[in-house]
Amino acid sequence: MDLSLVIRSGRDEKVLDCIGSVDEDVDIVVSTVPDPDFCDLVESTGARTVTSTPGNLSVVSNIGIDAARYDMVFLTDSDTLLCSGCLEAVRGGLERAPFVNARIEFAHDGTRASRLVSEARDFVNSKDLAFTPGLGLDRRAVGLVGGYFFDEEVPFAVDANLDYRIRRNGVPVVYDSGARIVHGTETVEHDMVAARRIGAGVRAGAGSLARMYPDTPESRIGHDLKAVHMGDYPRILREKGMGVLLYQMRWDLNFYLGRFRG
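Reading guide: rules and limits
- Residues numbered from 1 in each chain as written.
- Predicted model: local features only at pLDDT ≥ 70, side-chain atom pairs only at ≥ 80, totals over all residues.
- Heavy atoms only, no water.
- Pairing = 2+ DSSP bridges.
- Helix = DSSP H or I, 4+ residues; strand = E, 2+ residues; numbered from the N terminus.
- Axes fitted to C-alpha atoms, helices over the stretch in contact; angles between N-to-C directions.
- Buried < 20%, exposed > 50% of the residue type's maximum accessible area, 1.4 Å probe, protein only.
- Polar contact = N/O pair within 3.5 Å; in protein donor to acceptor, adjacent residues only side chain to side chain.
- Contact = heavy atoms within 4.5 Å.
- Parallel < 35°, antiparallel > 145°, perpendicular 65-115°, else oblique.
- Nonpolar A, V, L, I, M, F, W, Y, C, P; charged D, E, K, R; others polar.
- Phe/Tyr/Trp six-rings, centres within 6.5 Å; stacked < 30°, edge-to-face > 60°.
- Lys NZ or Arg CZ within 6 Å of the ring centre and 35° of its normal.

Asker: Honestly, the sheet that holds strand β7 (residues 103-106) in this entry has me stumped. Any pointers?
Answerer: Note: strands within a sheet are paired through backbone hydrogen bonds, in either parallel or antiparallel orientation. Read from one edge of the open sheet, 3 strands run β5-β10-β7, paired in mixed fashion. For this open sheet the edge positions go to β5 (80-82) and β7, each flanked by a neighbour on one side alone. When strand polarity is set aside, the average angle formed by the axes of neighbouring strands in this sheet is 30 degrees. Here β5 runs beside strand β10 (residues 180-183); their pairing, made up of 3 bridges, is antiparallel. Along β10, the bridge assignment pairs leucine 82 with isoleucine 181.

Asker: Would you take a moment to explain the side chain of serine 4 for this structure?
Answerer: Note on placement: serine 4 falls in strand β1 (residues 4-8). With a relative accessible area of 0%, serine 4 lands in the buried category. Side chain to side chain, serine 4 and aspartate 27 meet in a polar contact 2.6 Å long. Residues in contact with serine 4, not counting those within four places in the same chain, are Asp27, Ala68, Arg69, Tyr70, Met72, Val73 and Phe74.

Asker: For this particular structure, what's the right way to read the pairing of β7?
Answerer: Both faces of the sheet carry side chains from a regular strand, because those side chains alternate between them. Here β7 shows a clear split, with Ile104 and Phe106 buried on one side and none of Arg103 and Glu105 buried on the other. Across 4 bridges, β7 lies against β10 in parallel orientation. Of the residues in β10, the one forming a bridge with glutamate 105 is valine 182.

Asker: Explanation requested: the packing of helix α5 (residues 112-124) against helix α10 (residues 242-261) in the structure shown.
Answerer: When two helices pack together, their arrangement is given by the angle between their axes and by how far apart the axes lie. Running from amino to carboxyl end, α5 crosses α10 at an angle of 75 degrees, the nearest separation of the two axes being 9 Å. In terms of their interaxial angle, α5 and α10 are classed as roughly perpendicular. Mapping the contact onto sequence places Arg112, Leu116, Val117, Glu119, Ala120 and Val124 in α5 and Gly243, Val244, Tyr247 and Gln248 in α10. Broken down by class, the residue content of the contact of α5 with α10 amounts to 6 nonpolar, 2 polar and 2 charged.

Asker: So what exactly am I meant to see when it comes to the packing of aromatic side chains here?
Answerer: One pair of aromatic rings is described through two measures. These are the centre distance and the angle between the planes. All told, the structure shown has 5 aromatic pairs when counted by the stated rule. Arranged with centres 5.9 Å apart and planes meeting at 10 degrees, the rings of tyrosine 256 and phenylalanine 260 form a pair that is stacked. Here tyrosine 256 pairs with phenylalanine 260, and both are found in helix α10, just 4 residues apart, close to one helical turn. The class of phenylalanine 260 is exposed, set by a relative accessible area of 59%. Members of the aromatic cluster, connected to one another through ring pairs, are Trp251, Phe255, Tyr256 and Phe260. Here the basic side chain of lysine 226 rests over the ring of phenylalanine 255, its NZ or CZ set 5.1 Å away from the ring centre.

Fair warning: the whole summary comes from geometry, so function is off the table for now.
Written as structure tokens, this is what we have:
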């Protein structure tokens, strides 16, 4: 299939499971850290590796996309598994639009805390947003989104920055392709660290985008980069229950700590 799978990974051996879930003959690139032993392990599966220094997800993403053999690319992370037919569905979606977003199922370990993380993330990803992991893109469409996919001034919340440019320029995205992935279980502690990093990434992204779109206040852009707002709280309560709402409020607090305090 003329499609490249790009997997972003640290020194995470779960990437082997991700590679093992691929059910199509595609080009596989793992964008990872410069660790020769880990790269050898990954390459023993037949995948290729490219490396960059850790700490900037935009750089990691761009390096992987640039190394892809094909213009049609599906971007995911090492802690995901591809459901059967995922890449075929992405490939079909990219015939219809420059971007395709896979639906994500968030795994949990059965505990209440793990279920809260899963349900809160499920709400975010019920929205039509061009977020990663699980984003298909056609490299030939780069001119439609400002000439680049991921802003290397923005180390976190990198997909929100791209999603903003997609929406701002009216670029079509396919959300109903049938492509699905499963995201591994996350702890509350990890999710709260992610919230603060995303907050910091939104701060950086809003500043960068304000320079690109000087007609829009930076504060407005920052607001639009966040996926969930207080106006969503009634729907969260109605659809997910009080526990998930309280969890989302805690997540939002950590987000704003990251955005305004660094």
